[in-house]
Amino acid sequence: MITSYLTHPDIALHDMGSHHPESPMRLEAIRAKLMLSGLLQQTMQSEPGPATRLQLERVHAPDYLSALDAQRPQSGLHQLDSDTRMGPHSLDAAALGAGAAVRGVDLVCGNRADNVFCAVRPPGHHAERSLAMGFCFYNNVAVAAAHARAVHGIERIAILDFDVHQGNGTLDIFHDDPAILICSSYQEAFYPWRYLTGDWPNIVNTPLAAGTGSLGFRNAVEREWLPALERHRPQLVLLSSGFDAHRDDPLGQLALDHEDFYWVTTLAMDIARRHAGGRLVSVLEGGYHLKTLPVSVEAHLTALLGQPYSP
């Protein structure tokens, strides 16, 4: 398997404060762990460029993008909501994150990689068409999906989101689009409290009770996601890979283990193999425990490389 690993050093310039959980240390911890295990050296590493305005406007309202630009501070932090702050370099980092997702699509659609992991931040799946929230400014997987359709002619796409929080931004952008199947597992009755009710043929919401562990998660995914994915037959699989459903993560109350992230990744890869020529792009979303996040990403990357996992 050729797995591409996309990240950029300038992403570290986005910093929402010393006590904010979405910190530059997240990517530093991941890189250190993957270097130590030798997995990073087995990937094809490169740096993405930023997403263009055209690429962002395929999923975000132009007025929203202009308003974000106008709020960019010259120094310090500008508060967008109770937990989302913008610094002088935040939008640059966000553009690199969306750009990584775009480059990932180009790599798999151009047969230059089997799959891709985008080690980026800020996360993106809470960013709606016209709203920044939940640490997110641009919706990375949505930008990638729109790019795949516009540039590569991909007609059917599946977005699988296993973050502890529902990917409300992705739902906001695509909830009436039959070409995009969205499967989102998350802790029920939990942030962001949006799009929890409603019936859309292309949305599979999979709420999980607080405390749900491996068996409950795996049973729900097999029961609810697999039939929808088989019907949809996606030509590209995108992952919103949130690792904050781990039992040790401070931002949620689900109880998954590292092995569950390996398992759901291999499931997604099987869908991609059977319907999409193996084309799969994974984009980092949540995961805020600096000791368990790197180990979870290690399990995820081990699966992407097609290797067995030994905890």
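Residues numbered from 1 in each chain as written. Predicted model: local features only at pLDDT ≥ 70, side-chain atom pairs only at ≥ 80, totals over all residues. Heavy atoms only, no water.

Draft legend 1. Layout of the overall build of the protein chain. Scanning the protein chain from N- to C-terminus turns up nine helices and ten strands. Relative to a compact globule of 311 residues, whose C-alpha radius of gyration would be 19 Å, the protein chain shows 17 Å and is just as compact. Counting only C-alpha atoms and orienting by the principal axes, one finds that the protein chain spans roughly 50 × 40 × 40 Å. Considering the protein chain as a whole, with its 311 residues, one finds that 60% of them fall into the buried category. Residue pairs in contact within the protein chain that sit at least 24 positions apart in sequence constitute 75% of those at least 6 positions apart. Surface accessibility of the protein chain: about 11,600 Å² in total, with carbon and sulfur atoms responsible for 52%. One way to put it: in the protein chain the 23 positive side-chain charges average out to a point 5 Å from where the 34 negative ones average out. (Helix = DSSP H or I, 4+ residues; strand = E, 2+ residues; numbered from the N terminus. Rg over C-alpha atoms; globule rule 2.2 N^0.38 Å. Buried < 20%, exposed > 50% of the residue type's maximum accessible area, 1.4 Å probe, protein only. Contact = heavy atoms within 4.5 Å. Areas by Shrake-Rupley, 256 points an atom, 1.4 Å probe, with all protein chains shown as cover. Lys, Arg positive; Asp, Glu negative; His and termini not counted. Charge placed at Lys NZ, Arg CZ, Asp CG, Glu CD.)

Draft legend 2. Layout of the layout of surface pockets. Looking at the largest pocket, its volume works out to about 230 Å³. In this structure, the largest pocket is lined by 13 residues; those nearest its centre are Thr7, His8, Pro9, Leu27 and Arg31. Per-class residue counts for the lining of the largest pocket are seven nonpolar, two polar and four charged. (1 Å grid on protein atoms, 1.4 Å probe; cavity = no way out; pocket = protein on both sides within 12 Å on 5 of 7 lines; lining within 4 Å. Points joined across faces, edges and corners; volume = space filled by probe spheres on them. Nonpolar A, V, L, I, M, F, W, Y, C, P; charged D, E, K, R; others polar.)

Draft legend 3. Seen up close, helix H5 (residues 140-152). The terminal C-alpha atoms of H5 lie 17 Å apart, and with 13 residues this matches the ideal 18 Å at 1.5 Å per residue to within 8%. Along H5, the residues that are buried comprise Asn140, Val141, Ala142, Val143, Ala144, Ala145, Ala146, His147 and Ala148. Just past H5, the residue Gly153 takes up positive phi, approximately 70°. (Expected span 1.5 Å × (residues − 1).)

Draft legend 4. Representation of the nonpolar core in the model. If you look at the biggest cluster of nonpolar residues, it comprises 99 residues, and the most contacted ones within it are Tyr138, Ile157, Ile159, Leu160, Phe174, Trp225 and Leu238. Among the elements that take part in this core, helix H4 (residues 90-109) stands out by supplying twelve residues, more than any other. If we skip the residues at most four places from it in the chain, Phe174 touches Val59, Ala142, Ala145, Arg149, Ile159, Ile180, Ile182 and Asn202. (Core = buried A, V, L, I, M, F, W, Y, C linked by side-chain atoms within 4.5 Å.)

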